[in-house]
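A structural walkthrough
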Amino acid sequence: MLVLASLYVVLYTGLCSAYVKQKGCNVYEGKWVYDESYPLFNSKKCPFIRKEFDCIKYGRSDDQYLKYRWQPNDCDLPRFDGVEFMRILKGKKVIFIGDSISLNQWQSLTCLLYTSSYGSNVTHEANESMSTVTFQDYGVSIAYFTSHYLVDIETEQFGRVLKLDSLKNGELWKQADVLIFNTWLWWYRRGIKQPGAEWNEPGVRNCSKETRPLTGSTYPTGVPLAAKVVKETLSSNISSSNSVHLLDITTLSQLRKDGHPSTSNGYKGMDCTHWCVAGVPDTWNHLLYAQLVQQQTELDPDYFSSDYM
């Protein structure tokens, strides 16, 4: 199958002591609804978007893909508030660790927070392995660390070796308060296949003419086996004392066949894997914010008064 989405595991360190669920509501089960108040930011005013994802700049003429909001079935998400996001994480460091899909989400979050801070007192530093945007007024750093497989790749006498029991970069990651891991594409690649059959559009070879999401709450081919394995592994190996949460965005992202750059990118190549920014990754970060709000509420029930839509 054509991989259209990613699975994220979020590891909170030093933020709270319990694994928290939305009470009575699975925020990952729902549907996309049209909302004229979207998008959450103007991509033309964000300086961090790479040319792979800057669809408006590189020629996308339709804007309907920007107007969809994720609506859970049994509850409402808290309104995204970039200032509140930074207040909750004041003085802390967030690191996205993974491949170019992680980069996609990192760029979305930096743009969301840049917009909320009006671009004031923001610094950007980068080296070979990590790029960091810091919002100085809140002491919040949002970093991206490139790691396609998470584990180490080393050159041996007979060639490059993927070492499943080696995580040397883990020492660097320990400086973070929030770690967001993703490596979906590199462990689940099966070659490029035509997506039309999955979208009930026989003969469709790519995402170039897709302008609307799939309707409903389920993807035609169901949940990928790899997604089930991740969920089972987490449920059996993570205790209530570990601050780990799965951002289960696979299905909701698969439904967004309209959210890919197609040829509206700086390279002009067909891209049905990544996502336009602004766009679908903003919802991933909205769900991340919802999890932070839920955890903060568990810690202090009086922290929020009317944050829900």
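Per an unreviewed UniProt entry, the chain goes by the name Trichome birefringence-like N-terminal domain-containing protein and belongs to Rehmannia glutinosa. The chain has a UniProt comment under Subcellular location (unreviewed entry) that states "Membrane".

Looking at helix α2 (residues 100-116)
Its 17 residues place the ends of α2 24 Å apart at the C-alpha level, agreeing with the 24 Å of an ideal helix rising 1.5 Å per residue. For α2, the buried fraction is high: 14 of the 17 residues fall into the buried class. The backbone nitrogen of I101 has a side-chain oxygen 2.9 Å away, supplied by the residue at the start of α2, namely D99. Remark: Y118 follows α2 within two positions and exhibits a positive phi of approximately 60 degrees.

Details of the packing of aromatic side chains
Under the criterion given, the structure shown has ten aromatic pairs. Ring centres 5.3 Å apart and planes at 65 degrees place the aromatic pair W32 and W70 in the edge-to-face group. With W32 in strand β2 (residues 30-34) and W70 in strand β3 (residues 68-72), this residue pair connects regions lying 38 residues apart in the sequence. On the basis of relative accessibility, which here comes to 9%, the residue W32 falls in the buried class. Here W70 falls in the buried class, since its relative accessible area comes to 3%. With 6.2 Å between their ring centres and 35 degrees between their planes, W106 and Y144 make a pair best called tilted. A residue pair is termed long-range when its members are at least 10 positions apart, and W106 in helix α2 and Y144 in strand β7 (residues 140-146) qualify at 38 residues. The buried category is assigned to Y144, whose relative accessible area is 7%. Following the ring pairs from residue to residue traces out a cluster consisting of F80, F85 and Y289. The aromatic ring of Y65 is capped on one face by R60, whose charged end is 3.8 Å from the ring centroid. Over the ring of W199 we find K257, and its NZ or CZ is 6.0 Å from the ring centre.

A closer look at the pattern of salt bridges
In the structure shown here, the tally under the stated rule is 13 salt bridges. Between E156 and K163 there is a salt bridge, with the nearest N and O atoms lying 2.9 Å from each other. Residue class for E156 comes out partly exposed when judged on its relative accessible area of 30%. For D258, the salt bridge identified is with R256, shortest N-O distance 2.8 Å. Here D258 matches R256 in class, with each residue buried. The network of salt bridges with shared partners includes E154, E156, K163 and K168.

Focus on the nonpolar core
Formed by 59 residues in total, the largest nonpolar core has its most connected members in F85, F96, L113, I142, L252 and L287. What L113 contacts, discounting residues up to four positions off in sequence, is F80, G82, F85, M86, F135 and I142. Core analysis: the next-biggest nonpolar cluster, separate from the first, contains ten residues, M130, F145, A176 and F181 among them.

Some words on the environment of H274
Its place among the elements puts H274 in the loop between α6 (250-254) and α7 (280-299). Discounting residues that sit within four places of it in the chain, H274 has contacts with F53, S100, I101, N104, G259, H260 and P261. One polar contact links H274 to D271, side chain to side chain, over a distance of 3.0 Å.

Thoughts on the state of the cysteines
All chains considered together, the criterion is met by four disulfides. The disulfide that involves C25 links it to C75, with 2.0 Å between the sulfurs. Every disulfide takes its handedness from the sign of the S-S torsion; for C25 and C75 that torsion is -60 degrees, giving left-handed. Of this pair, C25 sits in the loop between β1 (8-12) and β2 while C75 sits in the loop between β3 and α1 (82-88); the two residues are 50 residues apart in sequence, bridging distant segments of the chain.

About the cut-offs
- Residues numbered from 1 in each chain as written.
- Predicted model: local features only at pLDDT ≥ 70, side-chain atom pairs only at ≥ 80, totals over all residues.
- Heavy atoms only, no water.
- UniProt positions renumbered as here; feature names shortened; annotations may be inferred.
- Helix = DSSP H or I, 4+ residues; strand = E, 2+ residues; numbered from the N terminus.
- Expected span 1.5 Å × (residues − 1).
- Buried < 20%, exposed > 50% of the residue type's maximum accessible area, 1.4 Å probe, protein only.
- Polar contact = N/O pair within 3.5 Å; in protein donor to acceptor, adjacent residues only side chain to side chain.
- Phe/Tyr/Trp six-rings, centres within 6.5 Å; stacked < 30°, edge-to-face > 60°.
- Lys NZ or Arg CZ within 6 Å of the ring centre and 35° of its normal.
- Salt bridge = Lys/Arg side-chain N within 4 Å of Asp/Glu carboxyl O.
- Core = buried A, V, L, I, M, F, W, Y, C linked by side-chain atoms within 4.5 Å.
- Contact = heavy atoms within 4.5 Å.
- Disulfide = S-S within 2.5 Å.

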